[in-house]
Amino acid sequence: MSGRRGLSDEDLAHLLGEMRAGTAAPAPAPSPAFVDRDGLLSFESLPRYKELTAQQAAADMLGLKNPYHRLHEGRSGATARIDGREVVNFASYDYLGLNGDPRITRAVAAAVETWGTSVSGSRLSSGERPAHLALERALADVYGAQDAVAFVSGHATAIAALPTLMGPKDLVVTDAFMHNSVVLGAQYSPATRRSFPHNDLDALETMLGRERHRFERVLVVSEGLFSMDGDGPDLARLVALKERFGFWLMIDDAHGLGVLGATGRGIAEHAGVDPRAVDIWFGTLSKSLVSCGGYIAGPAAMVSYLKAFAPGMVYSVGLPVPVAEAARTALGLVLEEQERVQRLQANSRAFRDGAAALGLDVGPSWGAGIVPIMVGETIRTVILAQRLLERGINAFPVLPPGVPERSARLRFFLSASHRPEQIDAALTALSEEATALGLIKDRPR
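Conventions we followed
- Here the residue index of a chain counts from 1 through its sequence in written order.
- Selection of residues for local features in this predicted model requires a pLDDT of at least 70, selection of side-chain atom pairs for listing and counting requires 80 or more, and totals for whole chains, interfaces and linings are taken over all residues.
- Just so you know, side-chain values use all the structure's heavy atoms and leave hydrogens and water out.
- Secondary structure follows DSSP: runs of H or I at least 4 residues long count as helices, runs of E at least 2 residues long count as strands, and numbering of each begins at the N terminus.
- Throughout, exposure labels follow a simple rule: accessible area from a 1.4 Å probe, protein chains only, divided by the maximum for the residue type, with under 20% read as buried, over 50% as exposed, and the rest as partly exposed.
- With residues, only the protein chains shown are counted as cover, and all accessible areas are computed by Shrake-Rupley using a 1.4 Å probe.
- Classification of ring pairs uses Phe, Tyr and Trp, with its six-membered ring standing for Trp, and accepts pairs whose centres are within 6.5 Å; under 30 degrees between planes counts as stacked, over 60 as edge-to-face, and the remaining range as tilted.
- In this scheme, Lys NZ or Arg CZ marks a charge over a ring once it lies within 6 Å of the ring centre and within 35 degrees of the ring normal.
- Lines fitted to C-alpha atoms define the axes, with helix axes restricted to the stretch in contact, and inter-axis angles between N-to-C directions lie between 0 and 180 degrees.
- Here the word oblique covers every angle except those under 35 degrees (roughly parallel), over 145 (roughly antiparallel) and from 65 to 115 (roughly perpendicular).
- Left-handed describes a crossing in which the near helix is turned anticlockwise from the far one by less than a right angle; the clockwise case is right-handed.
- In what follows, a contact means two residues having at least one pair of non-hydrogen atoms within 4.5 Å.
- Gly falls in the polar group here, along with every residue not listed as nonpolar (Ala, Val, Leu, Ile, Met, Phe, Trp, Tyr, Cys, Pro) or charged (Asp, Glu, Lys, Arg).
- Pairing of N or O atoms within 3.5 Å defines a polar contact, subject to two protein rules: one partner must be a possible hydrogen donor and the other a possible acceptor, and residues neighboring in sequence count only if both atoms are side-chain atoms.
- Paired strands, in this sense, are two strands between which DSSP finds at least two bridges.
- Note that the arc is computed from the directions linking the helix axis to the C-beta atoms.
- Every patch collects residues that have over 30% relative accessible area and no salt bridge, joining them within 9 Å if they carry like charges and within 5 Å if they are nonpolar side chains (Val, Leu, Ile, Met, Phe, Trp, Tyr).
- Any carboxyl oxygen of Asp or Glu within 4 Å of a side-chain nitrogen of Lys or Arg constitutes a salt bridge here.

Asks: Any chance you could break down the overall build of the chain for me, citing the residues and the numbers?
Replies: A tally of regular secondary structure across the chain gives 16 helices and 13 strands. Dimensions along the principal axes, computed over C-alpha positions, put the chain at roughly 100 × 60 × 55 Å. Split into buried and exposed, the 445 residues of the chain put 49% on the buried side. Taken as a whole, the chain presents about 21,500 Å² of accessible surface, with 55% of it coming from carbon and sulfur.

Following this line, the structure appears as structure tokens:
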């Protein structure tokens, strides 16, 4: 036999000769047909499918409608059309009311006419388009960064970036309330993973003091504006810890861009921190920028590295040009029409302060775009959401495991397009229905 894997030419010739002479070894007998005695080939056997059907059965017994995947009959923003009627909508993160803005739709239409609806391949193989580079330059400029790269999916951006940047001798440390995309990105990387209690930078400092020396590179990740609680980190202290312990700091500014800061430039502007002090800016194009996709901004070397090696860039189709143009045009409007940011912030504070005055628990919300109404119990949260929808108020119930046990809440997304009377109507309905459910025991006088 040859030292090569498989048969040598001589072996193959000998075997063919045996087969012609009828002396080759007989083929192995077929194995018996598989019998699925336990029903494991049925998709209904999946554990979480069983959990899903059990939850639906319990909801049916209680007369509760499924709050998920409701059909919206038209464009959703400050209002939406559900089940044939218009409702005030607090379940859309079109924070600045730009979705459907005619200047954006005209830019998209022109891009479709020129470029079509797809770039028909990855940017690595099918090439760049001017719209990609223009969008990335605009995003980099927001953060004072050297460069940026836009991915076709916001969720896939973190999943592609973290495993590409972090190796087996490295450490990834995340806030306990980080978005699922970052959690999965950390899990998929070969690095060691740790988390610290939400916004507890004392705990982070203790952890770094104990463990930093064991690793080559360390990445600490937090959000600019946390999507479930509406609060954010002490960015200045994170930067100080970075300078002390020597780590890369990554901030997910998906909900911060267009929402925080005097001009909507996000958590760095809100905190009065030079954005160049953050190594990696991560965000999505689907919130204030009313498009789809994600981005990473930071040093040119990092961006070049991701463009060359990140699977979500190398093996994925590039952003369609109309999608890139929608985000770029929206970003220009965010920076030009800062009164939108001011209206959003005023509406958010009015809702948060009004809800708190009614005796409702708004958690740690800063009152910027996101305000939770903390309920605690899952069933009462779903009941409250259903009763509000019956009164023309659409707010989404967030339940475990999306949030910790006993911290179910209704999450209200505020918009610059909400009118004062819509906010007042929501607060009135909340007060009456929450009182009926025993969520407000002692009404303020």
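Back to the text.
Asks: I'd like a rundown of the packing of aromatic side chains, residues and numbers included.
Replies: By the definition in use, this model includes nine aromatic pairs. Aromatic side chains tyrosine 93 and phenylalanine 413 sit 5.6 Å apart centroid to centroid with 75° between the ring planes, which places their arrangement in the edge-to-face category. With tyrosine 93 in the loop between strand 2 (85–89) and helix 3 (102–115) and phenylalanine 413 in strand 13 (residues 408–413), this pair connects stretches of sequence that are 320 residues apart. Three or more aromatic residues link up through ring pairs in this structure, and these residues are Phe90, Phe351 and Phe412. Looking at lysine 287, its charged tip hangs above the ring of tyrosine 93, at a distance of 4.5 Å from the centre.

Asks: Go over the packing of helix 6 (residues 154–165) against helix 7 (residues 180–188), please, and point to the residues and values.
Replies: Two elements in contact, helix 6 and helix 7, have axes whose closest approach is 8 Å; the angle formed by their N-to-C orientations is 25°. Judged by the angle between their axes, helix 6 and helix 7 are roughly parallel. Pair helix 6 / helix 7 crosses with right-handed handedness. Contact with helix 6, carried on its side by His155, Ala158, Ile159, Leu162 and Pro163, involves Asn180, Ser181, Val182, Leu184, Gly185, Ala186 and Tyr188 of helix 7 and no other residues of that element. Looking at the contact of helix 6 with helix 7 residue by residue, the classes come out as eight nonpolar, four polar and no charged.

Asks: Tell me what's going on with the environment of arginine 81, and back it up with residues and numbers.
Replies: Here arginine 81 shows up in strand 1 (residues 79–82). On a C-alpha basis, the gap between arginine 81 and glycine 392 in space is 9.9 Å, while along the polypeptide they are 311 residues apart. Discounting chain neighbours no more than four positions away, the residues touching arginine 81 are Leu71, His72, Glu73 and Glu86. Within the local environment of arginine 81, its side chain forms a polar contact with the backbone oxygen of glycine 84, the two atoms lying 2.7 Å apart.

Asks: Explain the environment of phenylalanine 412 to me, and be specific about the residues and the numbers.
Replies: Secondary-structure assignment places phenylalanine 412 in strand 13. According to the relative accessible area criterion, phenylalanine 412 is buried, its value standing at 0%. When the C-alpha positions of phenylalanine 412 and methionine 313 are compared, they lie 33 Å apart, and in sequence the two are 99 residues distant. Among residues more than four places away in sequence, those in contact with phenylalanine 412 are Phe90, Phe351, Gly369, Ile370, Val371, Ile373, Leu388, Ile393, Ala395 and Leu430.

Asks: Lay out the sheet that holds strand 10 (residues 370–376) with the relevant residues and their values.
Replies: Strand order in the open sheet formed by three strands is 10-13-12, and the pairing between neighbours is antiparallel. Of all strands in the sheet, those with a lone pairing partner are strand 10 and strand 12 (396–398), marking the two edges. Pairs of neighbouring strands in the sheet enclose a mean axial angle of 30°, with direction left out of account. By the bridge criterion, six bridges tie strand 10 to strand 13 in an arrangement that is antiparallel. Considered in strand 13, the bridge of valine 371 is made with phenylalanine 412. Against the sheet, helix 15 (residues 378–390) engages strand 10, strand 12 and strand 13, with an angle of about 35° to strand 13.

Asks: Requested: an account of the side chain of threonine 157, with residues and values cited.
Replies: Tracing the sequence through the fold places threonine 157 in helix 6. We classify threonine 157 as buried; its relative accessible area is 0%.

Asks: Got a sec to walk through helix 11 (residues 300–309)? Specific residues and values, please.
Replies: Where helix 11 is concerned, the buried positions are Met302, Val303 and Leu306. Along the axis of helix 11, the buried positions cluster into a sector of 100°, meaning they face one direction only. When the buried face of helix 11 is taken as reference, the exposed residues oriented beyond 90 degrees from it are Ala301 and Phe309. Where helix 11 is buried, its residues meet strand 3 (147–151), helix 6, strand 8 (280–284), strand 9 (294–298) and helix 12 (311–314).

Asks: Any details on a nonpolar patch on the surface? Residues and values, ideally.
Replies: Together, Phe43, Leu46, Tyr49 and Leu52 make up an exposed nonpolar region whose accessible area comes to about 450 Å². Mapped onto the secondary structure, phenylalanine 43 falls in the loop between helix 1 (9–21) and helix 2 (47–62). Phenylalanine 43 sits in the exposed class, given a relative accessible area of 67%.

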